[in-house]
Amino acid sequence: MSVHPMILSGRGVTAVLGPTNTGKTHYAIERMIAHESGVIGLPLRLLAREVYTRLVERVGHHNVALITGEEKITPHRARFSVCTVEAMPRETTASFVAIDEVQLAGDLERGHIFTDRILHLRGRGETLLLGAGTMRPILEQLLPGITVVERPRMSQLLYAGSKKITRLPHRSAIVAFSADEVYAIAELIRRQRGGAAVVLGALSPRTRNAQVALYQEGDVEYLVATDAIGMGLNLDVDHVAFAQDRKFDGYQFRNLNPAELAQIAGRAGRHLRDGTFGVTGRVDPFDNELVHRIEAHEFDPVKVLQWRSKAFDYSSLPALKKSLEAAPTVPGLARALPAVDQQAFEHLTRYPEVVDITTNAERVEKLWEACALPDYRRITPAQHADLISTIYADLVRRGAVNEDFMAEQVRRADHTDGEIDTLSARIAQIRTWTYVSNRPGWLADPTHWQEKTREIEDRLSDALHERLTKRFVDRRTSVLMKRLRENAMLEAEISVNGDVFVEGHHVGQLTGFRFTLATGGDGPDAKAVQGAAQKALALEFEARAARLHASGNNDLALSSDGLVRWLGDPVARLAASDHVMRPRVILLADDQLQANAREHVLARIERFVNHHIGTVLKPLDDISRAEDLEGLAKGLAFQLVENLGVLFRRDVADDVKSLDQDGRASIRKYGVRFGAYHIFLPALLKPAPAELITLLWALKNDGLDKPGYGDLIPMLAAGRTSVVTDPSFERTFYKLAGFRFLGKRAVRIDILERLADLIRPLLQWKPGAQPRPEGAYDGRRFTATTSMLSILGATPDDMEEILKGLGYRADSVKAEEAAAFLASHDGAPAATAAASEPVAVVDDADAGDSAVEVEAAAVEAPAAEAETAEGEVATSEAHPAEGQLTETGEPVEAKPVLLWRPGTRQDNQRQGGGRHQGDQRRGGQRHGHGQGQGQGEGREGGRKSGQPARGKRHEGGKSEGGPRQDRGDRHDRHDRGGKPGQGKFEARPPRREKPVDPDSPFAKLAALKEQMKK
């Protein structure tokens, strides 16, 4: 057992202490090259490589050696050695010795190694200990006579409070304490600010160097790192932000103490430039006391150093274990917790195969040497011990590590595919074998394996750097940032898709004549970027304005949201004006579109809008511009335009009545149809016109956001003749889409006119005339038919609502009475007559159409359009006839028959009392309470007892009550009421026929119909 006495003298030792950015490392390098030889120990392989590079620049590569656990560069007769502290010799003949970051002697994991070098290693001429000011008391206690030099910080360190990660200034380092957190922050910065470099202890030194270079050279403005950056790395950092303030120290999660926070925060500011530190939104702001201590560098002194005996007893495994557990004999030292090597040794002493072959002191020492293998892979102590056991067994039995086994392990790591985590794991694997290849006496051909593992590690490190850069750096952004710092003229371009690039970096999107800045474009350099973009946009706006002005109408489109689009991009929106057919055009353009260019664009869009409206709504546009209309015809045309092509006939009944034949002809030539219920333009009952009409109304009435906007157009396009209404929809949208809102159902306007064509002959039929049309009853009333249901696409239950909405009223009679009455006219048995008629109909809400007139030439719609909401042709319900039996044997009462008639003013007055009350009263008079005969006979020979009173007639044939089905645009209509002097309740006599004008178009139409019947 070799015992080295502890050196407790500080003679010849100088401690250079102070906070970060005091130039301690630079001072040590200057002192070392002043000696003939020297050794300097550094806490990180990364930092050792940096000092090595600086020394090579000063004295040449042949004079400098680099010695770490994984790398040895040892020129013959090198004067200076740069080492990691672990790789420093315990004794040296060098003239100068320096140990950096000596405060790490208090670290629980590595502290005992630093303590050993502080206490034992000396230079012949000069020894420097470099570190934090907190080490002064303990060094003066352990090394009496030591010279202490305190160096002040060259610049100030100031607290900057809390900032969001995306709001941090350029040249910031964000600190976190786990790889996952580092990667997450780097990803966020890439999305928001262009990219970040990452530095973690788990990265290989080569990868860390490449990432630091990425930051130092200005390719990225942000560095995301663990506390590895606190170990003396010289970085161009202006601000340090803590994204976490807790770390796992190998044993537990704990808060960082003020001295540790200061060590990291001190990376901010270089030389004479001040630095700042703070926290991100994920960490509570530092309290005032902590801020003061970090800014003033006032920290609790280090009270004890971690120590482990170096007086190893290799006589046996128990003896070595006992020597490792020896307690320090000097005050100020504390026995260190078991480190990785000691934990592996304790595991291996429990392996029978290891104990069996460790039979002498030489093998005990060899086992302890094998236990020094670092755990680069960060695996469990037991797994790490298994690997050491394999290596140790080879060393004992073979005298060297089995190269076939090593070749297989190296081969597994020699792949550069995969993502970040995969490459990191392979690098950790290959670093293990790099360490093995650098251990003296462990391999038969160490040079080959040193070169091979170094080459593989370099390739893996380069691949990892490339993956990190690809994932966390936007290269175009990094180029842009460098150009901004160089104050260069920025080049901007605009793609054919409207993407705006500055120096190849996407900064926004040009849509039409509006530029939208990309997300994250609000950083410190945003103004410079926007300025470059605006210069390019000004020229592009001019060119676009010229292209739009010369473009055809096919390049422009008006969408249902009121936007005018040019080649798909919105360039204007429509707004209400005084005239519903002439909406105002509002340009959607930035201020860069100026003067003549703006006027030309606006004028071109206005021409398109007017042309589009004039084309799609040509009948409406024509009638709005008509100059040949006069008097009432002109007024009616004005109302038609104001109401966008549809008028309820009841609303303009007086005007229509007063309109002479010439006036009607003048307005009819513009495509206007005078229907039974509406005055309308049939050409507008198509999807495209209806969609544009709805838009124009919505612009005028602020209706774009009202419920139901645009929802009815697809139904019109599908050929639906009627639809179930939605009570939440704005009711006007039904009319605009060409539907009449009738309570629970809305029916297309032209279909309602076809319904009028079906009803008209039923009310004009004279009892006794043969054949009786299906649905005709007594000349004054009718029943609903299958044809009516079919064209409406409605069920019998819907029919009642629809007819009520059109102003008809129903009288209810018993089925047997109706059958008997029809049989008396048809000459058929009652049961047969009843079965041949539909006996149930339905009606709807809007009771109010007064006397109407129907155009003679009805517009015919294809029968294929007459579908129900379910797409099937509606048929009347089958009701059980009286006398049938139910399944239980009970007689079934047949449903009553609804007889429909035009409503009267009295009907409107009685609406509040309900239908059944009125029907019951009238039914008793009309039908004699079940007598079953005489209904409607008064039409032939005067009113019978019980016949209901008809609505009083005025001159001109207008009833005081509901809708009257007459022959449309006939000006030679006769009064359908009784002759003067007839009683109020007298039946109306047959209408007196006037001679027909053979030149009348109606006479020609009648003749054509007669010819078709033949």
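It should be noted that the structure appears before, not after, this text.
Below is a short write-up of the structure. Since we're looking at a predicted model, the values are computed, not measured.

Thoughts on the overall build of the protein chain
A count of helices and strands for the protein chain gives 35 helices and 34 strands. The buried share of the protein chain, taken over its 1014 residues, is 50%.

Remarks on the pairing of strand E20 (residues 499–502)
In terms of strand pairing, strand E19 (residues 492–494) meets E20 through three bridges, oriented antiparallel. In the strand pairing of E20, isoleucine 494 is matched with valine 500. In sequence, E19 turns back onto E20 through a hairpin of four residues, with glycine 498 there showing a positive phi of about 90°.

Quick look at a nonpolar patch on the surface
Taken together, Leu108, Tyr251 and Leu337 make up a surface patch of nonpolar side chains, about 240 Å² in accessible area. Looking at where leucine 337 falls in the secondary structure, it is placed in the loop between strand E18 (333–335) and helix H10 (340–348).

Notes on the sheet that holds strand E24 (residues 563–566)
Strand order in the open sheet formed by four strands is E23-E24-E25-E26, and the pairing between neighbours is antiparallel. Lying at the two open borders of the sheet, with one neighbouring strand each, are strand E23 (556–558) and strand E26 (584–587). Here the average twist between neighbouring strands, direction ignored, is 30°. Contacting E23, E24, strand E25 (569–575) and E26, helix H19 (residues 595–616) crosses the sheet at an angle of about 140° to E26.

Here we look at the nonpolar core
Counting residues in hydrophobic clusters, the biggest one holds 74 residues, and the most contacted among them are Phe513, Val564, Ile605 and Ile623. Residue contributions to this core peak at eight residues, all from helix H24 (residues 687–700).

Digging into the packing of H10 against helix H12 (residues 361–371)
Between H10 and H12, whose axes approach to 8 Å, the crossing angle comes to 130°. What the angle tells us is that H10 and H12 run oblique. Between H10 and H12 lies a crossing of right-handed hand. For the pair formed by H10 and H12, the contact residues are Asp341, Gln342, Ala344, Phe345 and Leu348 on the first element and Leu367, Trp368 and Cys371 on the second.

Re the side chain of serine 309
Here serine 309 is to be found in the loop between strand E17 (305–307) and helix H9 (317–324). In this view, serine 309 contacts Ser323 and Ala326; residues no more than four positions away in its chain are not counted.

A closer look at the pairing of strand E21 (residues 505–511)
Bridge count between E20 and E21: four bridges; the pairing is antiparallel. Note that in E21 the partner of aspartate 499 across the bridge is glutamine 509. Relative to strand E22 (residues 514–517), E21 runs antiparallel, the two being bridged by four bridges. Each residue of the ladder has a partner; that of glutamine 509, found in E22, is threonine 516. Remark: two residues form the turn of the hairpin made by E21 and E22, two consecutive strands paired antiparallel; glycine 512 in that turn has positive phi of roughly 65°.

Overview of the pattern of salt bridges
Under the criterion given, the structure shown has 51 salt bridges. Put simply, glutamate 140 and arginine 136 hold a salt bridge, and the shortest N to O gap is 2.9 Å. Of this pair, glutamate 140 and arginine 136 both sit in helix H4 (residues 136–142), four residues apart, which is roughly one turn of the helix. The exposure class assigned to arginine 136 is partly exposed, which follows from its relative accessible area of 32%. Here aspartate 414 ties to arginine 459 by a salt bridge, and the two come within 2.6 Å at their closest N and O atoms. A residue pair is termed long-range when its members are at least 10 positions apart, and aspartate 414 in the loop between helix H14 (403–413) and helix H15 (420–437) and arginine 459 in helix H16 (residues 446–472) qualify at 45 residues.

About the cut-offs
- Residues numbered from 1 in each chain as written.
- Predicted model: local features only at pLDDT ≥ 70, side-chain atom pairs only at ≥ 80, totals over all residues.
- Heavy atoms only, no water.
- Helix = DSSP H or I, 4+ residues; strand = E, 2+ residues; numbered from the N terminus.
- Buried < 20%, exposed > 50% of the residue type's maximum accessible area, 1.4 Å probe, protein only.
- Pairing = 2+ DSSP bridges.
- Patch = residues over 30% accessible without salt bridge, like charges linked within 9 Å, V, L, I, M, F, W, Y side chains within 5 Å.
- Areas by Shrake-Rupley, 256 points an atom, 1.4 Å probe, with all protein chains shown as cover.
- Salt bridge = Lys/Arg side-chain N within 4 Å of Asp/Glu carboxyl O.
- Axes fitted to C-alpha atoms, helices over the stretch in contact; angles between N-to-C directions.
- Contact = heavy atoms within 4.5 Å.
- Core = buried A, V, L, I, M, F, W, Y, C linked by side-chain atoms within 4.5 Å.
- Parallel < 35°, antiparallel > 145°, perpendicular 65-115°, else oblique.
- Left-handed = near helix turned anticlockwise from the far one by under 90°.

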